[in-house]
Amino acid sequence: MAINYGDGTTSNDGRIIQVKEGINRTITTVSSSSDTAIGGLSEGITCSEAASKVRIDISLGMFGISSASYYAFFVIYKDGSALINSMGQTEGSRQRCSFAVRQNPGGHMGQALYFTYIDTPGDTSSHTYDLRVSMEGGVTGRLNATGNGNNQSNYPITMSSITLTEIAD
């Protein structure tokens, strides 16, 4: 089903219908080994068409881990539950997640991370997507800063975002 616009065009496949964005511009510290919501990286969208797809773009300006040889596991959630299809398949005792990072050495390092996933909600209900992270071994992870969190002129502070784009299908 196409949307008819005032200029006579319609929402043919691939047309961007709307864009929503959530932003985090602060240093956010996480030390939990359970999935923990990241403030600001949550956004809601209500699709105009049931056939629409939602492109989820995650951009982390920097993520640092306080200790070497530990992972940070990131999971996209939809309406309070892990978005299972955005994660790797179950295999042995591996940690399922949407994406992950491990830094060696830790502390002074930090790196930018990008991840994209396309969801098919199949309805015109409101849905909220958010990014959560868990830290292996309960070490400290820092969003928008290096792993040790030093406040020095040669250490960056960045911004991160979640962008939702409704695409006509």
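Structure report, in brief. (Residues numbered from 1 in each chain as written. Predicted model: local features only at pLDDT ≥ 70, side-chain atom pairs only at ≥ 80, totals over all residues. Heavy atoms only, no water.)

Some words on the pattern of salt bridges
Move 1: Taken as a whole and judged by the stated rule, the model has five salt bridges.
Move 2: For Asp169, the salt bridge identified is with Lys53, shortest N-O distance 3.5 Å. With a gap of 116 residues between them, Asp169 in the segment after strand S11 (160–167) and Lys53 in strand S4 (residues 53–65) connect regions that are remote in the sequence. (Salt bridge = Lys/Arg side-chain N within 4 Å of Asp/Glu carboxyl O. Helix = DSSP H or I, 4+ residues; strand = E, 2+ residues; numbered from the N terminus.)

Some words on the nonpolar core
Move 1: Core analysis: the largest hydrophobic core is formed by 28 residues, its most contacted members being Ile56, Phe63 and Phe74.
Move 2: When residues of this core are assigned to their parent elements, the largest contribution, six residues, is made by S4.
Move 3: Apart from residues lying up to four places away in sequence, Phe74 is in contact with Ile38, Leu60, Phe63, Cys97, Ser98, Phe99, Ala100, Val101, Leu113, Leu131, Arg132 and Val133.
Move 4: Ranked by size, the runner-up nonpolar core spans five residues in total, among them Phe73, Val75, Met87 and Cys97. (Core = buried A, V, L, I, M, F, W, Y, C linked by side-chain atoms within 4.5 Å. Buried < 20%, exposed > 50% of the residue type's maximum accessible area, 1.4 Å probe, protein only. Contact = heavy atoms within 4.5 Å.)

Some thoughts on the side chain of Asn24
Move 1: Mapped onto the elements, Asn24 comes out in strand S1 (residues 16–24).
Move 2: A relative accessible area of 4% places Asn24 in the buried class.
Move 3: A polar side-chain atom of Asn24 sits 2.9 Å from a polar atom in the side chain of Thr28.
Move 4: Every residue in contact with Asn24, bar those within four places of it in the chain, is listed here: Ile38, Gly39, Leu41, Leu143, Asn144, Thr158, Met159 and Ser160. (Polar contact = N/O pair within 3.5 Å; in protein donor to acceptor, adjacent residues only side chain to side chain.)

Re the packing of aromatic side chains
Move 1: With the rule as written, the count across this model stands at four aromatic pairs.
Move 2: Judged by centre distance (5.1 Å) and plane angle (80 degrees), the rings of Phe63 and Phe74 are edge-to-face. Residue Phe63 is located in strand S4, and its partner Phe74 is located in strand S5 (residues 71–78); the two are separated by 11 residues in the primary sequence.
Move 3: The exposure class of Phe63 is buried, given its relative accessible area of 1%.
Move 4: Judged by its relative accessible area of 0%, Phe74 is buried. (Phe/Tyr/Trp six-rings, centres within 6.5 Å; stacked < 30°, edge-to-face > 60°.)

With respect to the side chain of Ser52
Move 1: Examined against the element boundaries, Ser52 turns out to sit in the loop between strand S3 (36–46) and S4.
Move 2: Apart from residues no more than four positions distant in its own chain, Ser52 is found in contact with Ile17, Cys47, Thr120, Pro121, Glu166, Ile167, Ala168 and Asp169.

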